Amino acid sequence: MSAPLLQVNDLKKHFPLRGGLFGGRTGKVHAVDGVSFEVARGETLSLVGESGCGKSTVGRAILRLFDITAGQIVLDGQRIDDLGPRGLQNMRRRVQVVFQDPFSSLNPRMRVRDILAEPIRNFGLVKTSVELDARVAELMEIVRLPRDAVSRRPHEFSGGQRQRIGIARALAAKPELIVCDEAVSALDVSVKAQIVNLLQDLQREFGLALLFISHDLAIVEHMTHRVAVMYLGKIVEVAPRRQIFAMPKHPYTKALLSAVPVPEPGASRKPMILKGDVPSPVNPPRGCRFHTRCPLVFDRCRAEEPQLRSVAGDQWVACHLEAN
Ligand code: SF4
């Protein structure tokens, strides 16, 4: 088996919490608290969970939008969490992002030609303006937009078309990994499906790895290879798509999946409503972080943190009930 493209080892990101009369440090937000996973070349790993679980923070840490608190991020065998400016420039070509909101992630004053030309120039991927124009036209074709639309500005496109421009901009750098941070969440249902199909086609064509960050499990079910479920800064279950949707093991995964509509007519999943709110990441619960909401909680859960363990081949679960 070849080495993974991306390895995240025990990643932690804590943000300082400031308050009081003088704005001093009063605590810390445990946004990500010991997360480990791998993404293979050409694979889609979906990172799912409720809002505030830390999934977008993981994506932003991989993009090196801030320094991490602890852990390692390894791209193709090389640590990228401690790179200097030169190493970062090269890493930024290899790891690109598509954000949720195509309305705000594209500069409204720039024409599409310039939006796409910027990364091509910045990363020195062409030598002449003729090559640059040809590459911009090629990118438009790849994301199935008309070539002559390059002279238009973002507001002249629909939401789905704008997201295609965002994807073209990510592809312009010839990346190996794209972090899709809620990349289809702001789109209408039919447009979502088109963008997901496009991402899958591009993945096949260019061998891209995708880290697909989403709270929308109905979309994830149709497009991912593996799923990692996050709760309050930790991964509670990781498994191949079919396995996790057919037989989720962690009580939190079961609750999340119970709300996902089943495609077969007449079929349904047994609804499982969780009580209470997600606890604050400033002061997460001791033991299992899910214990304040878990319907199966028992004494050990309040005292001892469960570790991720392999329970069935590639299915890993952090729950004391799956320990044996
Ligand atoms: Fe529930 Fe306990 Fe398992 Fe946590 S460890 S998910 S509280 S049963």
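This text follows the structure it describes.
Fair warning: this is a prediction, and the values are worked out from it, not measured in the lab. (Residues numbered from 1 in each chain as written. Predicted model: local features only at pLDDT ≥ 70, side-chain atom pairs only at ≥ 80, totals over all residues. Heavy atoms only, no water.)

## Here's the deal with the sheet that holds strand 4 (residues 70–75)
Pairing is antiparallel across the open sheet formed by 4 strands, whose spatial order is 2-1-4-5. Sheet topology places strand 2 (24–39) and strand 5 (78–79) at the edges, where each strand pairs with a single neighbour. Of the strand pairs in this sheet, strand 1 (residues 6–19) and strand 2 are connected by 12 bridges, and their pairing is antiparallel. In the sheet register, Leu 11 faces strand 2, and the bridge partner there is Val 35. (Pairing = 2+ DSSP bridges. Helix = DSSP H or I, 4+ residues; strand = E, 2+ residues; numbered from the N terminus.)

## Focus on the pairing of strand 8 (residues 209–214)
The element strand 8 is extensively covered by neighbouring structure, given that 6 of its 6 residues are classed as buried. In strand 8, alternate side chains face the same way, and those of Ala 209, Leu 211 and Ile 213 on one face and Leu 210, Phe 212 and Ser 214 on the other are all buried. Where strand 3 (residues 44–48) meets strand 8, 5 bridges bridge the pair, whose relative direction is parallel. The residue of strand 8 that forms the bridge with Val 48 is Ser 214. Assessed by its sense of winding, the connection that carries the chain from strand 7 (residues 177–181) through helix 7 (residues 189–206) to strand 8 is right-handed. (Buried < 20%, exposed > 50% of the residue type's maximum accessible area, 1.4 Å probe, protein only. Right-handed = clockwise from strand over helix to strand, strands pointing away.)

## Digging into helix 5 (residues 129–142)
An ideal rise of 1.5 Å per residue puts 20 Å on 14 residues; helix 5 measures up with 20 Å between its terminal C-alpha atoms. Taken residue by residue, helix 5 has Leu 132, Arg 135, Val 136, Ala 137, Leu 139, Met 140 and Ile 142 as its buried positions. Residues of helix 5 that are buried in the fold lie against helix 4 (112–122), helix 6 (159–172) and helix 7. Positive phi shows up at Arg 144, right after helix 5, with a value of about 60 degrees. (Expected span 1.5 Å × (residues − 1). Contact = heavy atoms within 4.5 Å.)

## Things to note about the packing of helix 6 against helix 7
Running from amino to carboxyl end, helix 6 crosses helix 7 at an angle of 20 degrees, the nearest separation of the two axes being 10 Å. Classified by the angle between their axes, helix 6 and helix 7 sit roughly parallel to one another. For helix 6 against helix 7, the interelement crossing comes out right-handed. Of the residues in helix 7, those in contact with Gly 160, Gln 163, Arg 164, Ile 167 and Leu 171 of helix 6 are Val 191, Gln 194, Ile 195, Leu 198, Leu 199 and Leu 202. (Axes fitted to C-alpha atoms, helices over the stretch in contact; angles between N-to-C directions. Parallel < 35°, antiparallel > 145°, perpendicular 65-115°, else oblique. Left-handed = near helix turned anticlockwise from the far one by under 90°.)

## Concerning the environment of Glu 141
As for its position among the elements, Glu 141 is in helix 5. Of the residues examined, Glu 141 reaches a relative accessible area of 47% and is grouped as partly exposed. In the structure, Glu 141 is positioned 133 residues away from Leu 274 in sequence and 46 Å away in space, judged by C-alpha atoms.

## Some remarks on the site of the ligand
The environment of the ligand is formed by His 250, Pro 251, Cys 288, Phe 290, His 291, Cys 294, Leu 296, Cys 301, Pro 306, Cys 319, His 320 and Leu 321. Because more than half of its atoms lie within 2 Å of the grid, the ligand is assigned to the largest cavity. Within the shell around the ligand, the residues separate by chemical class into 9 nonpolar, 3 polar and no charged. (Near = heavy atom within 4 Å. 1 Å grid on protein atoms, 1.4 Å probe; cavity = no way out; pocket = protein on both sides within 12 Å on 5 of 7 lines; lining within 4 Å. Sits in = over half its atoms within 2 Å of the grid points. Nonpolar A, V, L, I, M, F, W, Y, C, P; charged D, E, K, R; others polar.)

## Considering the packing of aromatic side chains
Applying the stated criterion across every chain yields a total of 4 aromatic pairs. Measuring from ring centre to ring centre gives 5.7 Å for Phe 15 and Phe 66, while their planes differ by 85 degrees; the resulting arrangement is edge-to-face. One end of the pair, Phe 15, is in strand 1; the other, Phe 66, is in the loop between helix 1 (55–62) and strand 4, with 51 residues separating them in the sequence. Ring centres of Tyr 252 and Phe 290 lie 5.3 Å apart, and the angle between their planes is 65 degrees; this geometry places the pair in the edge-to-face category. In this pair, Tyr 252 is assigned in helix 10 (residues 251–258) and Phe 290 in the loop between helix 10 and helix 11 (299–303), connecting sequence segments 38 residues apart. An aromatic cluster of three or more residues is present, and its members are Tyr 231, Tyr 252 and Phe 290. A cation sits over an aromatic face here: Arg 152 above Phe 157, 4.5 Å from the ring centre. (Phe/Tyr/Trp six-rings, centres within 6.5 Å; stacked < 30°, edge-to-face > 60°. Lys NZ or Arg CZ within 6 Å of the ring centre and 35° of its normal.)

## Structural notes on the pairing of strand 11 (residues 309–312)
As paired elements, strand 11 and strand 12 (residues 315–317) share 3 bridges and run antiparallel to each other. Bridging from a neighbouring strand, Arg 309 pairs with Val 317 of strand 12. Two successive antiparallel strands, strand 11 and strand 12, enclose a turn made up of 2 residues, where Gly 313 displays a positive phi of approximately 60 degrees.

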